[in-house]
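Fold and geometry: a report
Here's the letter readout for the chains.
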Amino acid sequence: LDKMENQEEALPLYKEALAGRRETLGDQHPDTLNSISNMAVLLDEMGNQEEALPLYKEALAARRETLGDRHPSTLTLISNMAGLLAGMGNQEEA
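What you see is a predicted model; the values in this text were computed from it and never measured. (Residues numbered from 1 in each chain as written. Predicted model: local features only at pLDDT ≥ 70, side-chain atom pairs only at ≥ 80, totals over all residues. Heavy atoms only, no water.)

Let us now look at the nonpolar core. By size, the foremost hydrophobic cluster in this structure holds 20 residues, and its most contacted members are I36, M39, L43, L55, Y56 and M81. Sorting the residues of this core by element identifies helix 1 (2–25), helix 2 (30–45), helix 3 (49–67) and helix 4 (72–87) as the ones contributing at least two each. Per-element tally for this core: the top contributor is helix 3, with seven residues. For L55, the contacting residues outside a window of four places in its chain are I36, M39, A40 and L43. (Core = buried A, V, L, I, M, F, W, Y, C linked by side-chain atoms within 4.5 Å. Buried < 20%, exposed > 50% of the residue type's maximum accessible area, 1.4 Å probe, protein only. Helix = DSSP H or I, 4+ residues; strand = E, 2+ residues; numbered from the N terminus. Contact = heavy atoms within 4.5 Å.)

Take a look at the structure:
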């Protein structure tokens, strides 16, 4: 129960951080991409895979564009997204 309560308390803070970073740094900035990824992970952990998936997709597309396909941050995001898709029963896309 404590973890769930903490996650629910954290969600608005993640949203605030992401909105601020988008506004001040732009959508492609590494810190913004980290915020997008962090929010996707939190939503996934909370069981909100449908909300997490578009964030994973957005962050992955931007990381591929800005960092390349083989950058460690891109590869971590690919792995996280694959885990989400597998958990959703989408084995082929994972």
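For the pair helix 3 and helix 4, the least separation of the axes is 10 Å and the interaxial angle reads 155°. One finds that helix 3 runs roughly antiparallel with respect to helix 4. In this structure, helix 3 crosses over helix 4, and the sense of that crossing is left-handed. The residues of helix 4 that touch helix 3, namely those facing Q49, A52, L53, Y56, K57, A59, L60, R63, R64 and L67, are S73, T74, L77, I78, N80, M81, L84 and L85. (Axes fitted to C-alpha atoms, helices over the stretch in contact; angles between N-to-C directions. Parallel < 35°, antiparallel > 145°, perpendicular 65-115°, else oblique. Left-handed = near helix turned anticlockwise from the far one by under 90°.)

Turning our eyes to something else, we now look at the pattern of salt bridges. Counted by the stated rule, this structure contains three salt bridges. In this structure, the salt-bridge partner of D27 is R22, at a minimum N-O distance of 3.0 Å. Look at R22 and you get partly exposed, because its relative accessible area is 26%. Among the charged side chains, a network of salt bridges with common partners joins R22, D27 and E58. (Salt bridge = Lys/Arg side-chain N within 4 Å of Asp/Glu carboxyl O.)

Their axes nearest at 8 Å, the elements helix 2 and helix 3 cross at an angle of 155°. Classified by the angle their axes make, helix 2 and helix 3 are roughly antiparallel. The handedness of the crossing between helix 2 and helix 3 comes out as left-handed. Seen from helix 2, the contacting residues are L33, N34, I36, S37, M39, A40, V41, L43 and D44; seen from helix 3, they are Q49, E51, A52, L55, Y56, E58, A59, A62, R63 and T66.

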